[in-house]
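Working through the structure, step by step
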Amino acid sequence: MSLLDLTIRNVKRNFRLYSIYLFSMIAGVIIQFTFSSLMYNEDVIAALQNRSNFQSGVAIASIVVYLFIIFFILYANSFFMRQRKKEFGMYLLYGLNERQITRMVFYETLLISAVSLITGILVGGLLSKLFGMLLMNLMQYDQAISLAFPIEAIAATAGVFLLLAIIISVQSFIMVNRMQLTELFHAKQKSEKPVRVSMALALLAVLLLGVAYGLISSGKGSVFWQDYGTLSLIASTVGIIAGTYLFFRQFAGWLLRTISRRRKYHEGNTVLWTSSLRFQIRGNTLNLTFISLFSAAIMMLLCFVTINYKVQFEAVGRNLPNDIAFQTLDAATNERIDDVISGSEHKVRYHLTHELLVAAPVTDMHVIIDNPEMYMPELLLVSEKTYNELIEQRGHKVSVKLQGNEAVALSQGSDFPKSYAPGEQPAFIAKTDQETAFAIVDKKDYAYLGWSTDPVKSMNMKPAVLVISNEVYEGLRGHAEARTYEIYGIRDARNADNLSKQVHAIVSQTPDAYYSSFADVYSKQIEGSSLMLFASGFLALIAMFALASVIYFKQLREATEEKMQYAVLRKIGVDNRQIKSVIRKQLLFVFLPPIVLGMMHSWLIIKYYILESVKDFTELPSLVAGIIAVYFIIYLLFYASSTKLYYKIVSENA
């Protein structure tokens, strides 16, 4: 019998074992091909405003996803190979050497890869149309997506999985060569020793997690983060990582030991499910710690990009509140620009010409704005009347009413907007040809003039604007440089990319002239955030499968190793109902703690350091809770599948 015949016979004989491995490969091909096909889909490319950015982003996302696929499949192969150690021992006894076994595994891998590629590409091609439509929906583009199987995507997917087949063969060769013949026959008979647990270390685990949670829940505005930010970050990080490790290493062991010392320990089936778990703690600690921490990271990533996506639609409007705005130029140029805008398909809703005064800050700019490095060095003063006129056109309820030297700072993007009570108002001095002291009554997260933009480079810098009372403004008019700005409101501003390019080309002929357009940023931001959400969803999906498979495969291996113990239990009278109950409790103790800890880690960080910054978006907390709930439900499905298969394995030949 040739190696190829032996390979085909092995696949047929162990189809159930191979089916788990095959499913892993098919899932990897589907995800990889879906990504690749979107990068080459002509309908998707035609709908985009920033094609090169999209293709670069998809290429980077594909690499990241592929790395996770490698991890997922290599772990599945590792499980697969361990299950076959006795089989490999038989081959060695019959005269096959390690190279022949490795070649046989390579043939098997090629066969499985070929089946996976054909199946995965067919399914992935169908799904790519669905996911392409989803991506267009996220970007809010009305573009039909046709069913396509791009040759480039097929070639790229086949290439990376051929590379993966080689990596798997190398992994298999190393595993076979590291094992001695006696180990191959008795690998499943190795038993783990129970971990020595300490109540003090168990309490330390709770203390470390408690300190970390306390620091996180204090919020970024607390004294811990404002005055001791670095120390708080170190303490939180150490608390979460070390606390999680000790939770699984010591607290779980201490809890199981405590249960075993109860008077009613030998009643029911408690002794059956706890005794096995106590011997698994040593081998499970690192796995469960990694799953808990990485689950938290994946949930945080997915929640962050989802929040970013939801916020972008309004955030672009906050960053660039004017559809088109530019510094007033000479009369002929202004008229030329007006003709271009009026003659476009974007109807003009309003056109305002506003005057502002130029001043130099004397007081530190941190008093009135956050992150001064993002602002232009000069300060613009606008009267409350002029400011309120523009606010009325926008339909926003943020008008101001000022008296004397009162002023309102417009600090768009501020994490800490604040209204100051009388007597607590900070002083700010601005210089024209004289110094004027203003009392800051309010620091608003709002913009009068948005970021300066460029159709290619997107956002550059933004003007610093201070709203002052009408009487003080009139008193300063003869003492400061006056600068006027043309502000346009147009219809369908989000699709005004071509119009913006035309206007920018005219304005940019005057060096250093201010120009800002909503359209310059909208398509880039929305396409970018949509791609991030789309890619993160795939990454979260494959990561979820990879992490759950760490528990899943380990439990299946332990089920195979414990068949004899369950056979003994049946002989002494334990019925199937009790065995199912033991399995459910045992696996619940393994599946539940890591996902619950991961959910707690991620929720606290998201709540106090992301959601607190976007309080105006009231629907976001429920959205985050929904994402975490879906993640939890998928893990429950893995748990249910694992318990069912575990019972099936231990019941074979019963």
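Everything numeric in this text was worked out from a predicted model, so none of it was measured.

Focus on the overall build of the protein chain
- Secondary structure summary: the protein chain contains 20 helices and twelve strands in total.
- Excluding contacts between residues fewer than 6 apart, the proportion of contacts in the protein chain whose partners are at least 24 apart in sequence is 84%.
- Accessible surface, the protein chain: about 30,600 Å² in total, of which carbon and sulfur atoms supply 60%.

Description of the packing of helix α9 (residues 199-217) against helix α19 (residues 576-609)
- It is the contact of α9 with α19, at a shortest axis distance of 9 Å, that shows an interaxial angle of 25°. In terms of orientation, α9 lies roughly parallel with respect to α19. Here Leu 209, Tyr 213, Leu 215, Ile 216 and Ser 217 of α9 come into contact with α19, specifically with Leu 597, Met 600, His 601, Leu 604, Ile 605, Tyr 608 and Tyr 609.
- Residue composition of the contact of α9 with α19, by class: ten nonpolar, two polar and no charged.

Description of the environment of Ala 297
- Here Ala 297 lies in helix α12 (residues 270-319).
- In sequence terms Ala 297 and Gly 598 are 301 residues apart; their C-alpha atoms lie 8.1 Å from each other.

A look at the nonpolar core
- Counting residues in hydrophobic clusters, the biggest one holds 110 residues, and the most contacted among them are Phe 161, Ile 307, Tyr 566, Ile 583 and Tyr 631.
- Broken down by element, the residue count for this core peaks at 17 residues, all from helix α17 (residues 518-561).
- The residues contacting Phe 161, other than those within four sequence positions of it, are Met 25, Gly 28, Val 29, Gln 32, Tyr 66, Ile 69, Ile 73 and Leu 117.
- By size, the runner-up hydrophobic cluster in this structure holds 23 residues, among which are Leu 352, Val 400, Tyr 485 and Ile 487.

Some details on a nonpolar patch on the surface
- A contiguous nonpolar surface patch, about 550 Å² in accessible area, is contributed by Ile 118, Leu 122, Val 123, Leu 126, Leu 147 and Phe 149.
- Of note, Phe 149 is situated in the loop between α6 (98-139) and α7 (151-178).

Things to note about the pairing of strand β6 (residues 427-431)
- Residues Phe 428 and Ala 430 point to one face of β6 and are all buried, whereas Ala 427, Ile 429 and Lys 431, pointing to the other face, are not buried.
- Where strand β2 (residues 348-361) lies against β6, two bridges are found, and the strand directions are antiparallel. If you follow Ala 360 over to β6, its bridge partner there is Lys 431.
- Note that β6 and strand β7 (residues 435-444) share five bridges and pair antiparallel. If you follow Ile 429 over to β7, its bridge partner there is Ala 437.
- As consecutive antiparallel partners, β6 and β7 are separated by three residues.

Points about α19
- Along its 34 residues, α19 runs 49 Å from first to last C-alpha, staying within 8% of the 50 Å computed at 1.5 Å per residue.
- Leu 588 marks the point of greatest bend in α19, at about 30°.
- Where α19 starts, the residue carrying a side-chain oxygen 3.3 Å from the main-chain nitrogen of Arg 577 turns out to be Asp 575.

So, helix α11 (residues 229-260)
- In this model, α11 (32 residues) spans 43 Å end to end at C-alpha, consistent with the 46 Å of a helix rising 1.5 Å per residue.
- Where α11 bends most, the angle comes to about 45°, and this point is Phe 247.

What to know about unusual backbone geometry
- Backbone geometry places Asn 371, a non-glycine residue, at a positive phi of 55°.
- Take Asn 371: its relative accessible area is 36%, and that puts it in the partly exposed class.
- Here the phi dihedral of Asp 512 falls at roughly 65°; this positive angle occurs in a residue that is not glycine.
- Mapped onto the secondary structure, Asp 512 falls in the loop between α16 (497-507) and β12 (515-517).

A look at the side chain of Asp 323
- Along the chain, Asp 323 turns up in the loop between α12 and β1 (324-327).
- You can call Asp 323 buried: its relative accessible area is 11%.
- Here the side chain of Asp 323 touches Arg 349 through a polar contact of 3.1 Å, side chain to side chain.
- Asp 323 has contacts with Arg 349, Tyr 488, Gly 489, Ile 490, Ala 493, Ser 516, Ser 517 and Phe 518, leaving out every residue within four places of it along the chain.

Here's the deal with the pattern of salt bridges
- Tallying each qualifying case throughout the model produces eight salt bridges.
- Ionic pairing is found between Arg 349 and Asp 323, a salt bridge with its closest N-O pair at 3.1 Å. One end of the pair, Arg 349, is in strand β2; the other, Asp 323, is in the loop between α12 and β1, and 26 residues separate them in sequence.
- Between Glu 474 and Arg 477 there is a salt bridge, with the nearest N and O atoms lying 3.7 Å from each other.
- Salt bridges linked by common partners bring Glu 355, Glu 474 and Arg 477 together as one network.

What to know about the environment of Gln 393
- In this fold, Gln 393 is placed in helix α14 (residues 384-394).
- Exposure remark for Gln 393: the relative accessible area of 37% places this residue in the partly exposed category.
- Remark: the alpha-carbon pair of Gln 393 and His 351, spanning 42 residues in sequence, is separated by 9.7 Å.
- Residue contacts for Gln 393: discarding those within four places in its chain leaves Tyr 350 and Leu 352.

What counts as what
- Residues numbered from 1 in each chain as written.
- Predicted model: local features only at pLDDT ≥ 70, side-chain atom pairs only at ≥ 80, totals over all residues.
- Heavy atoms only, no water.
- Helix = DSSP H or I, 4+ residues; strand = E, 2+ residues; numbered from the N terminus.
- Contact = heavy atoms within 4.5 Å.
- Areas by Shrake-Rupley, 256 points an atom, 1.4 Å probe, with all protein chains shown as cover.
- Axes fitted to C-alpha atoms, helices over the stretch in contact; angles between N-to-C directions.
- Parallel < 35°, antiparallel > 145°, perpendicular 65-115°, else oblique.
- Nonpolar A, V, L, I, M, F, W, Y, C, P; charged D, E, K, R; others polar.
- Core = buried A, V, L, I, M, F, W, Y, C linked by side-chain atoms within 4.5 Å.
- Buried < 20%, exposed > 50% of the residue type's maximum accessible area, 1.4 Å probe, protein only.
- Patch = residues over 30% accessible without salt bridge, like charges linked within 9 Å, V, L, I, M, F, W, Y side chains within 5 Å.
- Salt bridge = Lys/Arg side-chain N within 4 Å of Asp/Glu carboxyl O.
- Pairing = 2+ DSSP bridges.
- Expected span 1.5 Å × (residues − 1).
- Bend = angle between axes of the 7 residues up to and from the residue.
- Polar contact = N/O pair within 3.5 Å; in protein donor to acceptor, adjacent residues only side chain to side chain.

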